[in-house]
Amino acid sequence: MTKKRIVITGGPGTGKTSIINRLEATNYFCFHEIIRNMTEEVLKNNTIESNPIATVSDPYKFNTSILNGRINQFNEALSKDENILFYDRGIPDVLAYMSYFDQSIDQLFINACKENIYDQVFLLPPWKEIYVSDNGRYETFEQAQQIHNHLIKMYEKFGYECIEVPFGTVEKRYKFITNNIV
């Protein structure tokens, strides 16, 4: 069986991590979001009050690090025994955030999206009732909605049809995703 690579994406605070945790609890292999670890590294040396992409001294280097981490995750799938692999965000997310922050996107980033293709993308829409800021999420709900729009545009630009996950409990969202894997 061929490996199936499935992205769970959405703006900040949409419930991605809860769904990833639920998938793992039922023995699906999941690659975790790498930006949280990078944010913790930035916090060791700085106080930040907004998304680190907007506050680091070299955004290009920061974005390249995120890109490389996501490419590594993509390639690491080949060494996994599992045939269905989930990703908490995909490579196009990097470009969507760069677009949101009005940062230039060069060919390196575009080529990464064209060369590393996922099989399915599940998109979690902004959900005000569950949105909470925390020490790794600096955006307002309104900014999360704008990021959501950038995510849709970027995934569509690279030919993906995003499957929107309806609001509901973690269990209902988990079942929606697992029932719609093709």
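For the structure itself, consult the block above.
Model, not experiment: these values are computed from the prediction. (Residues numbered from 1 in each chain as written. Predicted model: local features only at pLDDT ≥ 70, side-chain atom pairs only at ≥ 80, totals over all residues. Heavy atoms only, no water.)

Trainee: How would you summarise the sheet that holds strand S5 (residues 162-164) if you had to cite specific residues and measurements?
Mentor: One open sheet accounts for 5 strands, arranged S2-S3-S1-S4-S5; its pairing is parallel. Sheet topology places strand S2 (29-31) and S5 at the edges, where each strand pairs with a single neighbour. Taking the axes of each pair of neighbouring strands and ignoring which way they run, one obtains an average angle of 30° across the sheet. Pairing geometry for strand S4 (residues 120-124) and S5, over 3 bridges, is parallel. Among the inter-strand pairings, phenylalanine 122 is bridged to a residue of S5, identified as isoleucine 163. (Pairing = 2+ DSSP bridges. Helix = DSSP H or I, 4+ residues; strand = E, 2+ residues; numbered from the N terminus. Axes fitted to C-alpha atoms, helices over the stretch in contact; angles between N-to-C directions.)

Trainee: Explain the packing of aromatic side chains residue by residue, including any values.
Mentor: For the structure on display, the rule yields 12 aromatic pairs. Ring centres of tyrosine 28 and phenylalanine 86 lie 5.2 Å apart, and the angle between their planes is 90°; on these two criteria the pair is classed as edge-to-face. Taken together, the residues tyrosine 28 in the loop between helix H1 (16-25) and S2 and phenylalanine 86 in strand S3 (residues 84-88) connect sequence positions 58 residues apart. Consider the rings of tyrosine 155 and tyrosine 160, whose centres lie 5.5 Å apart with planes at 70°: the pair is edge-to-face. The pair tyrosine 155 / tyrosine 160 is uniform in exposure class, with both members buried. Among the aromatic residues, those joined into a cluster by ring pairs are Phe29, Phe31, Phe74, Tyr87, Tyr118, Tyr155 and Tyr160. Here the basic side chain of arginine 5 rests over the ring of phenylalanine 74, its NZ or CZ set 3.7 Å away from the ring centre. (Phe/Tyr/Trp six-rings, centres within 6.5 Å; stacked < 30°, edge-to-face > 60°. Buried < 20%, exposed > 50% of the residue type's maximum accessible area, 1.4 Å probe, protein only. Lys NZ or Arg CZ within 6 Å of the ring centre and 35° of its normal.)

Trainee: Could you give an account of the side chain of arginine 5, naming the residues involved and the relevant values?
Mentor: Counting through the fold element by element, arginine 5 comes out in strand S1 (residues 4-10). Although arginine 5 is buried, it forms no salt bridge, and the closest oppositely charged side chain is aspartate 119 at an N-O distance of 5.2 Å. Only 3.3 Å separates the side chain of arginine 5 from the side chain of tyrosine 87, close enough to count as a polar contact. Apart from residues no more than four positions distant in its own chain, arginine 5 is found in contact with Phe74, Asn75, Ala77, Leu78, Leu85, Tyr87, Ile117, Tyr118, Asp119 and Gln120. (Lys, Arg positive; Asp, Glu negative; His and termini not counted. Salt bridge = Lys/Arg side-chain N within 4 Å of Asp/Glu carboxyl O. Polar contact = N/O pair within 3.5 Å; in protein donor to acceptor, adjacent residues only side chain to side chain. Contact = heavy atoms within 4.5 Å.)

Trainee: Talk me through the nonpolar core; I want residue IDs and the actual numbers.
Mentor: Core analysis: the largest hydrophobic core is formed by 32 residues, its most contacted members being Tyr87, Ile91, Leu95, Tyr118 and Phe158. Contributions of two or more residues to this core are made by helix H4 (59-76), S3, helix H5 (91-100), helix H6 (107-115) and helix H7 (141-157). Top contributing element to this core by residue count: H5, with 7 residues. By size, the runner-up hydrophobic cluster in this structure holds 12 residues, among which are Ile6, Ile8, Leu124 and Tyr174. (Core = buried A, V, L, I, M, F, W, Y, C linked by side-chain atoms within 4.5 Å.)

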